[in-house]
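# Results of the structural survey
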Amino acid sequence: LSNLAWADWALVSNQSALTFVSTKAGNIAEVHKFSSIKGQVTAKGAAIIEIDLISIDSAIPIRDERMQKFLFETAKFPKAKIVADVSGVLKKSKSAAYVTASVPAQLQLHGQEQSITLELAVATLNDGQIMVSATQPTIVNASGFDLVAGIEKLREIAGLPAISHSVPVSFSLLFAPS
Ligand code: OTP
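To start, this report covers the structure provided alongside it.

The next point concerns the overall build of the chain. A tally of helices and strands in the chain yields 3 helices and 12 strands. Computed over its C-alpha atoms, the radius of gyration of the chain comes to 17 Å, within 12% of the 16 Å expected for a compact globule of 178 residues. Dimensions of the chain, computed from C-alpha atoms along their principal axes, come out at roughly 55 × 30 × 25 Å. Within the chain, buried positions represent 42% of all 178 residues. Summarising the internal contacts of the chain: among those between residues at least 6 apart in sequence, 62% fall at separations of at least 24. When the accessible surface of the chain is split by element, carbon and sulfur atoms take 55% of a total near 9300 Å².

A separate point is the packing of helix α1 (residues 61-72) against helix α3 (residues 148-158). Between α1 and α3, the least distance of the axes is 8 Å, while the angle of their chain directions is 135°. As the angle between them shows, α1 and α3 are arranged oblique. Taken as a pair, α1 and α3 cross one another with a handedness that is right-handed. In this structure, α1 contributes R66, M67, F70 and L71 to the contact, and α3 contributes G150, I151, K153, L154 and I157. Looking at side-chain class alone, the contact of α1 with α3 contains 6 nonpolar, 1 polar and 2 charged residues.

Bringing the pairing of strand β8 (residues 98-109) into the picture now. Only one face of β8 is buried: it carries V99, A101, V103, A105, L107 and L109, and the other face, with Y98, T100, S102, P104, Q106 and Q108, is open. The pairing of strand β7 (residues 79-85) with β8 spans 4 bridges and is antiparallel. Among the inter-strand pairings, V83 is bridged to a residue of β8, identified as Q106. Pairing analysis gives 12 bridges linking β8 to strand β9 (residues 112-124), with the strands arranged antiparallel. For P104, the partnering residue across the bridge sits in β9 and is T117. Hairpin remark: β8 followed by β9, antiparallel, with 2 residues in the connecting loop; positive phi at H110, about 55°.

Moving on: the site of the ligand. Residues in close proximity to the ligand total 33 residues, the closest being K24, R63, V140, A158 and F171. Within the side chain of K24, a nitrogen or oxygen atom sits 2.7 Å from an oxygen atom of the ligand. R63 is positioned such that a nitrogen or oxygen atom in its side chain is 2.7 Å from an oxygen atom of the ligand. Compared with its free state, where it exposes 1200 Å², the ligand has 93% of that area covered by protein. Taken together, the residues of the shell around the ligand sort by class into 28 nonpolar, 3 polar and 2 charged.

Below, the discussion takes up the pairing of strand β4 (residues 37-41). Of the two faces of β4, only the one carrying I37, G39 and V41 is buried; K38 and Q40 on the other face are not. Two strands pair when backbone bridges link them, and strand β1 (residues 9-11) and β4 are joined in this way by 2 bridges, in the antiparallel orientation. Residue pairing in the sheet places A10 in a bridge with Q40 of β4. With 5 bridges connecting them, β4 and strand β5 (residues 46-52) associate as antiparallel partners. Along β5, the bridge assignment pairs Q40 with I48. Here β4 hands over to β5 after 4 residues, with G45 in that stretch at a positive phi of 100°.

Rules used in this analysis
- Residues numbered from 1 in each chain as written.
- Predicted model: local features only at pLDDT ≥ 70, side-chain atom pairs only at ≥ 80, totals over all residues.
- Heavy atoms only, no water.
- Helix = DSSP H or I, 4+ residues; strand = E, 2+ residues; numbered from the N terminus.
- Rg over C-alpha atoms; globule rule 2.2 N^0.38 Å.
- Buried < 20%, exposed > 50% of the residue type's maximum accessible area, 1.4 Å probe, protein only.
- Contact = heavy atoms within 4.5 Å.
- Areas by Shrake-Rupley, 256 points an atom, 1.4 Å probe, with all protein chains shown as cover.
- Axes fitted to C-alpha atoms, helices over the stretch in contact; angles between N-to-C directions.
- Parallel < 35°, antiparallel > 145°, perpendicular 65-115°, else oblique.
- Left-handed = near helix turned anticlockwise from the far one by under 90°.
- Nonpolar A, V, L, I, M, F, W, Y, C, P; charged D, E, K, R; others polar.
- Pairing = 2+ DSSP bridges.
- Near = heavy atom within 4 Å.
- Polar contact = N/O pair within 3.5 Å; in protein donor to acceptor, adjacent residues only side chain to side chain.

Structure follows, in structure tokens:
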């Protein structure tokens, strides 16, 4: 635990997961993931996570392409970013190997920025690594990020009666001292 006194951490990409659930036609829910995310946390508690939106993996290649082009518009907005001050939760983590906290963050996505609240569980592992997961999903509403037109475009192309504009996001992240 003494590692927390000095370490900066980097996200271990291949041991981290960021997923969301889409719902179409009222009752078909599907899990999507981003395969490329980067992140770091400084000893002072400045956390930044970058999501490569082109790495959307919906398990259907043509759907990935359409989401890149019509929803995220990756040519114009290649990345989403989450910025948070986690100094409070890091401080708590110095005295307990497992802590939970409600942490305000800024989400930049599709040229828009909104405040969100992350419900975090932070586990400090023996080797100074930190595991951060969500104790509850964060709901992203497409309207706050100018993504409604994109969802509606996907809905039209697929000939679907509806695709929900409200999307739960989950994550489990591993950070290693750097
Ligand atoms: O015909 P057919 O039926 O076959 O049709 P198809 O299915 O082929 O086509 C139809 C298309 C469908 C169904 C797809 C529709 C798509 C959608 C509805 C998706 C819309 C997506 C949206 C609105 C948002 C996507 C989400 C993101 C970009 C991610 C947002 C990120 C969030 C909320 C924050 C995540 C938090 C993170 C990463 C953690 C932060 C951690 C920290 C700050 C660090 C803490 C560190 C320490 C040490 C404490």
